[in-house]
Amino acid sequence: DQVKRVDDEPYHLDSDTNQIGYKVMDSVSFNATYGYRTIFAYMQEAENGNLKNSSSTLSKVMAMSVSCGQFSYANISPARILGVSGTLRAMGKYELNLLAKYGMKKI
């Protein structure tokens, strides 16, 4: 089914890096994937001769995705969820002062 739907989500091929990316907000993310459709997109680009070193690129991306578990933060009732580590460094003075008001002094 996914091999037939490889073009359902438009992708961008960066020919310099041999990476496939997808539009996320206003940019292209090369970390976003659509399951096996992304792998089939790489195979399609290799078949069309659009990858510089197709064997090397395909050996990097050809993998079976195995889900090891999922959970919802809503189901575990954490006391606080402040964001992920990358967002904490991007906070401005207002956000940092707000966190300090609630006892968060170290980031």
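Our subject in this report is the structure included herewith. Predicted model, so just to flag it, every value in this text is computed and none were measured.

**Digging into the overall build of the protein**
- Looking only at helices and strands, the protein features five helices and three strands.
- The secondary structure elements of the protein, listed N-terminal to C-terminal, are β-β-β-α-α-α-α-α.
- Within the protein, buried positions represent 17% of all 107 residues.
- Counting only contacts in the protein whose residues sit at least 6 apart along the sequence, the fraction spanning at least 24 positions is 40%.
- Only carbon and sulfur atoms are counted for the fraction: they give 52% of the accessible area of the protein, which is about 8700 Å².

**Quick look at the nonpolar core**
- In this structure, Val-6, Leu-13, Ile-20, Tyr-22, Ala-32, Ala-41, Tyr-42, Ala-46 and Leu-51 together form the largest nonpolar core, which totals nine residues.
- Elements that contribute at least two residues to this core include exactly β2 (19-24) and α1 (36-47).
- Counting residues per element, this core draws most heavily on α1, at three residues.

**Considering the layout of surface pockets**
- Roughly 160 Å³ of volume is contained in the largest pocket.
- Lining the largest pocket are Thr-33, Gly-35, Tyr-36, Thr-38, Ile-39, Tyr-42, Lys-60, Val-61, Ala-63, Met-64 and Ser-65.
- Here the residues of the lining of the largest pocket are counted per class, giving six nonpolar, four polar and one charged.

**Thoughts on a nonpolar patch on the surface**
- A contiguous nonpolar surface patch, about 340 Å² in accessible area, is contributed by Tyr-36, Met-64 and Val-66.
- In this fold, Tyr-36 is placed in helix α1.

**Comments concerning the environment of Val-24**
- Along the chain, Val-24 falls in strand β2.
- Those residues in contact with Val-24 that sit more than four places away from it in its chain are Ser-29 and Ala-32.

**Examining the packing of α1 against helix α2 (residues 54-61)**
- At a minimum axis separation of 10 Å, α1 and α2 run at an interaxial angle of 170 degrees. On the basis of their axis angle, the class for α1 and α2 is roughly antiparallel. In this structure, α1 contributes Ile-39, Tyr-42, Met-43 and Ala-46 to the contact, and α2 contributes Ser-54, Thr-57, Leu-58 and Val-61.
- When grouped by side-chain class, the residues that make up the contact of α1 with α2 number six nonpolar, two polar and no charged.

**Quick word on the pairing of strand β1 (residues 11-14)**
- Looking at chain direction, β1 and β2 are connected through four bridges and run antiparallel. Across the sheet, the residue bridging to His-12 is Gly-21, located in β2.
- Connecting the antiparallel pair β1 and β2 is a turn made up of four residues, with Asn-18 showing a positive phi of about 55 degrees.

**Looking at the packing of aromatic side chains**
- A full pass over the atoms with the stated rule returns two aromatic pairs.
- Ring geometry for Tyr-11 versus Tyr-22: centroids 6.4 Å apart, planes at 70 degrees, classification edge-to-face. With Tyr-11 in strand β1 and Tyr-22 in strand β2, this pair connects stretches of sequence that are eleven residues apart.
- Owing to a relative accessible area of 1%, Tyr-22 belongs among the buried residues under this scheme.
- Between Tyr-22 and Tyr-34, the ring centres sit 4.6 Å apart and the planes meet at 70 degrees, which makes this aromatic pair edge-to-face. Of this pair, Tyr-22 sits in strand β2 while Tyr-34 is found in the loop between β3 (27-29) and α1, placing the two residues twelve residues apart along the sequence.
- We classify Tyr-34 as partly exposed; its relative accessible area is 29%.

Scoring rules and cut-offs
Residues numbered from 1 in each chain as written. Predicted model: local features only at pLDDT ≥ 70, side-chain atom pairs only at ≥ 80, totals over all residues. Heavy atoms only, no water. Helix = DSSP H or I, 4+ residues; strand = E, 2+ residues; numbered from the N terminus. Buried < 20%, exposed > 50% of the residue type's maximum accessible area, 1.4 Å probe, protein only. Contact = heavy atoms within 4.5 Å. Areas by Shrake-Rupley, 256 points an atom, 1.4 Å probe, with all protein chains shown as cover. Core = buried A, V, L, I, M, F, W, Y, C linked by side-chain atoms within 4.5 Å. 1 Å grid on protein atoms, 1.4 Å probe; cavity = no way out; pocket = protein on both sides within 12 Å on 5 of 7 lines; lining within 4 Å. Points joined across faces, edges and corners; volume = space filled by probe spheres on them. Nonpolar A, V, L, I, M, F, W, Y, C, P; charged D, E, K, R; others polar. Patch = residues over 30% accessible without salt bridge, like charges linked within 9 Å, V, L, I, M, F, W, Y side chains within 5 Å. Salt bridge = Lys/Arg side-chain N within 4 Å of Asp/Glu carboxyl O. Axes fitted to C-alpha atoms, helices over the stretch in contact; angles between N-to-C directions. Parallel < 35°, antiparallel > 145°, perpendicular 65-115°, else oblique. Pairing = 2+ DSSP bridges. Phe/Tyr/Trp six-rings, centres within 6.5 Å; stacked < 30°, edge-to-face > 60°.

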